[in-house]
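These are the residues of each chain, in order.
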Amino acid sequence: MVPKYNREIHHRRSIRLKEHDYSQAGAYFVTVCTQNQECLFGEVIEGEMRLNEAGKTINRWWKELNQKFKTIETDVFIVMPNHIHGMITIVGADLRVRPGRKGENRTADTKQGAHIGAPLHKIIQWFKTMTTNEYIYGIKQLNWQPFSGKLWQRNYYEHIIRQ
């Protein structure tokens with residue numbers, strides 16, 4: 001029998017710093033884990049991570065982050081059997097990106113796109129979405145190991161790197 005949801009017991013608390021603006025310039029060490037810690041991306045053999053095709057795909061999407069989000073730089077990154085670690089530096093937010101005000105005429109110069117100046121959670125959300133979509137394709141077309149429920153856990157871990 002599944003216990004009933006109790007808001008006092010099951011309340012999810014944010015692990016983010018309340019006073020920190022995750023869209024401003026800064027460096028973050030990020031960890032994203034697979035749902036239920038399923039080992040889907042390869043295996044460690046004699047102390048070396050050997051990526052399977054799914055792991056290589058995860059690696060490729062990490063490299064795509066720099067193309068999608070022009071205000072970030074990715075640094076060290078590793079795919080492990082059931083999680084990834086990587087460093088993302090937001091190098092600057094574009095203040096020209098903002099919702100239009102009533103009656104305001106927005107030119108092409110001020111409309112840079114939704115991904116410029118994106119906060120960290122939007123960057124991770126995009127990464128998770130793209131990798132999940134391609135992983136599902138891999139299951140259907142390439143016989144990759146299926147996952148139960150979702151590919152990634154609901155949240156992610158991040159450490160702010162102080163400079």
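Coordinates for the structure precede this section.
For the structure given in this document, a descriptive report is provided here. (Residues numbered from 1 in each chain as written. Predicted model: local features only at pLDDT ≥ 70, side-chain atom pairs only at ≥ 80, totals over all residues. Heavy atoms only, no water.)

Regarding the environment of Q37
Moving on, step 1. Within the secondary structure, Q37 is located in the loop between β1 (26-33) and β2 (42-45).
Moving on, step 2. Residues Q37 and P81, spaced 44 residues apart in sequence, show a C-alpha to C-alpha distance of 8.7 Å.
Moving on, step 3. The residues touching Q37, leaving out its near neighbours within four places in the chain, are N82 and Q153. (Helix = DSSP H or I, 4+ residues; strand = E, 2+ residues; numbered from the N terminus. Contact = heavy atoms within 4.5 Å.)

Quick notes on helix α3 (residues 120-142)
Moving on, step 1. Here α3 contains 23 residues, and its C-alpha end-to-end distance of 31 Å stays within 8% of the 33 Å for a straight helix at 1.5 Å per residue.
Moving on, step 2. Buried within α3 we find L120, I123, I124, W126, F127, K128, T131, T132, Y135 and G138.
Moving on, step 3. Its buried side turned inward, α3 meets β1, α2 (53-68), β4 (72-79), β5 (83-90) and β6 (157-161).
Moving on, step 4. Looking one or two residues past α3, N143 carries a phi angle of roughly 65°, positive in sign. (Expected span 1.5 Å × (residues − 1). Buried < 20%, exposed > 50% of the residue type's maximum accessible area, 1.4 Å probe, protein only.)

Let's talk about the packing of α2 against α3
Moving on, step 1. Running from N to C, α2 and α3 point in directions that differ by 140°, and their axes come no closer than 10 Å. The orientation of α2 with respect to α3, classified from their angle, is oblique. Seen from above, α2 lies across α3 with right-handed handedness. Residue-level contacts link A54, T57, I58, R60, W61, W62, E64, L65 and K68 of α2 to I123, W126, F127, M130, T131, E134 and Y135 of α3.
Moving on, step 2. Within the contact of α2 with α3, the residues separate by chemical class into 10 nonpolar, 2 polar and 4 charged. (Axes fitted to C-alpha atoms, helices over the stretch in contact; angles between N-to-C directions. Parallel < 35°, antiparallel > 145°, perpendicular 65-115°, else oblique. Left-handed = near helix turned anticlockwise from the far one by under 90°. Nonpolar A, V, L, I, M, F, W, Y, C, P; charged D, E, K, R; others polar.)

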